[in-house]
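Examination of the molecular architecture
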Amino acid sequence: MAAMRYPRPFTFDEYLMVEREAEYKSEYWDGMIYAMSGGTVRHGTLAANLISALHSRLRGKGCRTMSSDVRVATDDLRFSAYPDLTVSCGSNRYYGDRKDVLLNPRVVVEVLSPSTEAYDLGGKFAWYQRIESLQEVVYVRQNEWKVEVRRRAEPEWLTVIVEGAEAELTLPSLQISIPLAEVYEDVEEF
């Protein structure tokens, strides 16, 4: 997890006031605000490849592909984050009038970084599970051709590992597949 930015608990609305004036992004976790770190060229390339692949496959299907500028939150407003990529389908549901907090993502994607991997796969996933609309969380590894997909399958979540240059990433909640060769296209050698 990133270093804590503020030493005291904040309400969600206080967090939004701070965040909307800040020059950098922060995540909100049960009253605490955590600064986010920057990414690498490899991280940015993987995120861009996925945005492109998802956008082209979802065109005309009533779903939107959004970059890491979109904030998502749990319905109870105890957690908010900026996934590397978010997909929503149907009508978006927001917190407040500013339409800058999405409450109903269907899929979120995190490109794993060495410094945040444990947090992304552990504590952050525990919060993502609380978003009722969320059907799949996709974790993309930067240093190998490997993607982990966690799918909602009540009462638990199932984990599917996709790996290798010939494999395909399948997202049943969106009814699409993407070859890993497309996900890792133009990524610098690992």
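As a reminder, the structure under discussion sits directly above these lines.
Everything numeric in this text was worked out from a predicted model, so none of it was measured.

Thresholds, definitions, all that
- Residues numbered from 1 in each chain as written.
- Predicted model: local features only at pLDDT ≥ 70, side-chain atom pairs only at ≥ 80, totals over all residues.
- Heavy atoms only, no water.
- Phe/Tyr/Trp six-rings, centres within 6.5 Å; stacked < 30°, edge-to-face > 60°.
- Helix = DSSP H or I, 4+ residues; strand = E, 2+ residues; numbered from the N terminus.
- Lys NZ or Arg CZ within 6 Å of the ring centre and 35° of its normal.
- Core = buried A, V, L, I, M, F, W, Y, C linked by side-chain atoms within 4.5 Å.
- Buried < 20%, exposed > 50% of the residue type's maximum accessible area, 1.4 Å probe, protein only.
- Contact = heavy atoms within 4.5 Å.
- Arc of directions from axis to C-beta.
- Pairing = 2+ DSSP bridges.
- Axes fitted to C-alpha atoms, helices over the stretch in contact; angles between N-to-C directions.

**Brief notes about the packing of aromatic side chains**
Here the structure, examined in full by the defined rule, presents eleven aromatic pairs. Arranged with centres 6.2 Å apart and planes meeting at 85°, the rings of Trp29 and Trp127 form a pair that is edge-to-face. Of the two residues, Trp29 is situated in strand S1 (residues 26-29) and Trp127 in helix H4 (residues 123-128); the sequence distance between them amounts to 98 residues. Counting every residue linked through ring pairs, the aromatic cluster contains Trp29, Tyr34, Phe79, Tyr119, Trp127 and Tyr128. Above the face of the Phe10 ring, Arg8 is positioned so that its terminal group lies 3.9 Å from the ring centre. The ring of Phe125 has Arg150 sitting right over it, with the charged end atom 4.5 Å from the ring centre.

**Observations concerning the nonpolar core**
Grouped together as the largest cluster of nonpolar side chains are 28 residues, with contacts concentrated most on Leu54, Val87, Val138, Val140 and Leu174. Among the secondary structure elements, those contributing two or more residues to this core are helix H2 (41-58), strand S6 (85-89), strand S8 (107-111), strand S9 (136-140), strand S10 (146-153), strand S12 (168-171), strand S13 (176-179) and helix H5 (180-183). Apart from the residues lying within four places of it in its own chain, the contact partners of Val87 are Leu54, Leu58, Cys63, Arg64, Thr65, Met66, Pro105, Arg106, Val107 and Leu174. Val72, Leu102, Leu112 and Tyr139 belong to the second largest nonpolar core, which has 18 residues in total.

**Let's talk about helix H1 (residues 12-21)**
When we look at burial in H1, the residues that qualify are Phe12, Tyr15, Leu16 and Glu19. For H1, the angular spread of the buried residues around the axis is 100°, confining them to a single face. For H1, the exposed residues set more than 90 degrees away from the buried face come down to Met17 and Glu21.

**A short note on the sheet that holds S8**
Ordered in space as S3-S6-S8-S9-S10-S11, the six strands form an open sheet in which the pairing is mixed. At either margin of the open sheet sits one strand with a lone partner, and together these are strand S3 (63-66) and strand S11 (156-163). Within the sheet, the average angular offset between the axes of one strand and its neighbour, ignoring direction, is 15°. Contacts from H2 reach S3, S6, S8 and S9, with the element oriented near 15° to S6.

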